[in-house]
Amino acid sequence: MNKYEIAEIKKIIQKEDHILTRIAGCYVDAEKEKRTTFSHPFFSLSEEETNRYLDILRKSMSGTLAKNLISMDFPLEEERKENGPAKRLQNMRSSKLEDEELLQFFYDDVIESYPNDSNYLILLVHGAYDVPVINTDGTKNDTSDEIYDFILCSLCPLKLTKPALYYNKIDNQIEDSPRDWVVQAPLNGFLYPAFNNRSTDIHSLLFYTKNASEEEIDFCKELLACDMPITYKEQKETFQTILEDSLGESCDTDTVKHIHVELNEMVEQNKENPEPLTLGVPEFTHLLSEAGVENEHIEKAKESFEEHVGSHKSLAATNIASLRKFEVTTPDVKIQVNPDRSDLVETKVIDGIPCIVIECNDTVEINGIRVANPGFHRDEEGSDTP
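Residues numbered from 1 in each chain as written. Predicted model: local features only at pLDDT ≥ 70, side-chain atom pairs only at ≥ 80, totals over all residues. Heavy atoms only, no water.

A.B. asks: Before we move on, could you go through the pattern of salt bridges and cite the residues and values that matter?
C.D. replies: Any two side chains of opposite charge can pair, on the condition that their charged atoms come close. Under the definition given, this model contains 11 salt bridges. A salt bridge links Asp29 to Arg35, with the nearest nitrogen and oxygen atoms 3.8 Å apart. Taking the relative accessible area as the measure of exposure, Asp29 reaches 8% and is therefore buried. On the basis of relative accessibility, which here comes to 55%, the residue Arg35 falls in the exposed class. (Salt bridge = Lys/Arg side-chain N within 4 Å of Asp/Glu carboxyl O. Buried < 20%, exposed > 50% of the residue type's maximum accessible area, 1.4 Å probe, protein only.)

If you want it as structure tokens, here you go:
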């Protein structure tokens with residue numbers, strides 16, 4: 001699914017559209033026991049409950065593509081299994097979450113495979129979206145060619161409220177507040193089936209992760225029978241390893257700055273594209289070439305990329321780019337620079353000592369205290385001038 005298709009489904013998950021037909025769930029404790037389950041029509045919820053559930057559901061479709069929202073395909077051999085995860089999801093969708101036995105089987109599967117040792121809520125909703133036709137000018141009309149039937153799952157941790165005092169207005173006194181388990185924002189979830197090309201795709205789903213971890217890779221494989229790509233943290237670490245190993249002594253400040261600038265420009269140029277930018281071997285070698293890396297190092301980097309990532313696989317550009325910061329770190333110092341001003345950072349040898357040099361042609365503050373800049377003098381109004 002691309003970002004426009006995700007935005008379309010996320011937008012329609014609201015009360016006035018009446019597309020959500022049923023809600024079901026299971027509260028699981030830290031001992032992996034079912035504490036309670038529920039299942040009822042979505043419209044039976046109060047307005048307050050509706051709004052709180054909708055907030056959770058929308059968060060299950062939030063974040064960055066290829067980082068928090070990951071499209072996954074079912075392997076063909078898994079789809080052929082009569083009792084496999086793909087078939088079970090199809091049956092749950094077809095039943096519109098009204099088959100209690102199917103729900104209990106699903107809860108059991110989640111409890112067995114979910115890497116969570118604290119209390120959490122398994123939340124499911126079914127929806128039916130009458131997909132409007134898009135005209136050639138981009139506007140929607142009232143006709144529809146398809147009804148998109150889907151289930152959306154959210155896995156939400158529960159957090160015990162902190163001890164506190166409160167005012168009991170009935171007894172007119174201050175008392176100790178009872179502690180309750182409160183449902184938090186989801187850590188994981190999925191939308192099935194995928195809404196690819198604005199149409200039902202039972203061969204795919206959209207997986208949500210707040211913070212991708214190694215454990216979630218096994219969870220996706222066991223519960224959903226889908227192969228999750230390496231996490232965004234691993235992608236970034238892999239990218240860094242490839243550069244360090246292949247560039248060697250050429251992996252200096254200027255080279256890294258140029259790669260940083262080129263990569264961020266590629267991401268910026270792709271911003272309007274509904275599909276996320278990915279770097280396979282051709283795009284990766286082009287990036288290094290544009291950054292001024294010598295051919296012999298590009299060849300080593302290409303071999304390293306094929307070894308660590310694969311010749312036919314790719315890295316998501318937004319997972320390896322540093323869009324919000326340019327950071328220089330030593331064992332004792334950490335310097336963060338506006339990512340658009342990496343040109344202010346240089347390395348120089350001064351009196352035989354390698355130094356990091358930062359151009360400061362503007363106001364400088366240390367611990368919030370404005371200090372005078374060398375080469376500048378402060379005028380009567382308190383401004384630094386050359």
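A.B. asks: Describe the layout of surface pockets, naming the residues involved and giving the relevant values.
C.D. replies: Quantified by volume, the largest pocket comes out at close to 870 Å³. If you go around the largest pocket, you meet 33 residues; those closest to its centre are Ile70, Pro229, Ile230, Gln235 and Ser314. Contributions of two or more residues to the lining of the largest pocket are made by β3 (69-73), α7 (232-247) and β14 (315-316). Of the residues contributing to the lining of the largest pocket, the split by class is 16 nonpolar, 10 polar and 7 charged. (1 Å grid on protein atoms, 1.4 Å probe; cavity = no way out; pocket = protein on both sides within 12 Å on 5 of 7 lines; lining within 4 Å. Points joined across faces, edges and corners; volume = space filled by probe spheres on them. Helix = DSSP H or I, 4+ residues; strand = E, 2+ residues; numbered from the N terminus. Nonpolar A, V, L, I, M, F, W, Y, C, P; charged D, E, K, R; others polar.)

A.B. asks: Summarise the packing of helix α4 (residues 85-94) against helix α5 (residues 100-113); cite the residues concerned and give the values.
C.D. replies: Taken N-terminus to C-terminus, the directions of α4 and α5 make an angle of 140°; their axes are 10 Å apart at the nearest point. Considering their axes alone, α4 and α5 lie oblique with respect to each other. Every pair of crossing elements has a handedness; the one defined by α4 and α5 is left-handed. Every residue of α5 that contacts α4 at Arg88, Leu89, Asn91 and Met92 is listed here: Leu102, Leu103, Phe106 and Asp109. (Axes fitted to C-alpha atoms, helices over the stretch in contact; angles between N-to-C directions. Parallel < 35°, antiparallel > 145°, perpendicular 65-115°, else oblique. Left-handed = near helix turned anticlockwise from the far one by under 90°. Contact = heavy atoms within 4.5 Å.)

A.B. asks: An account of the pairing of strand β9 (residues 188-192) is requested, with residue identities and associated values reported.
C.D. replies: Among the 5 residues of β9, 5 are classified as buried, and the element is accordingly described as predominantly covered. Both faces of β9 are covered, namely the face carrying Asn188, Phe190 and Tyr192 and the face carrying Gly189 and Leu191. Inspection of the sheet shows strand β5 (residues 140-160) paired to β9 by 5 bridges, in the antiparallel sense. Along β9, the bridge assignment pairs Ser154 with Gly189. When β9 meets strand β12 (residues 204-209), the two strands line up antiparallel, connected through 4 bridges. Bridging from a neighbouring strand, Asn188 pairs with Thr209 of β12. (Pairing = 2+ DSSP bridges.)

A.B. asks: Would you mind going over the packing of α7 against helix α9 (residues 281-290) in detail, with residue names and values included?
C.D. replies: Interaxial distance between α7 and α9 falls to 14 Å at its minimum, and their mutual angle equals 55°. What the angle tells us is that α7 and α9 run oblique. In this structure, α7 meets α9 at a crossing whose hand is right-handed. Listed contacts from α9 to Phe239, Ile242 and Leu243 of α7 are Phe284, Leu287 and Leu288.

A.B. asks: Break down the side chain of Ser154 for me, with residues and values.
C.D. replies: With respect to the helices, strands and loops of the structure, Ser154 is situated in strand β5. Polar contacts involving the side chain of Ser154 include one to the side chain of Ser60, which spans 2.5 Å. Residues within four places of Ser154 in sequence aside, it is in contact with Ile56, Leu57, Ser60, Leu121, Ile122, Leu123, Pro186, Asn188 and Gly189. (Polar contact = N/O pair within 3.5 Å; in protein donor to acceptor, adjacent residues only side chain to side chain.)

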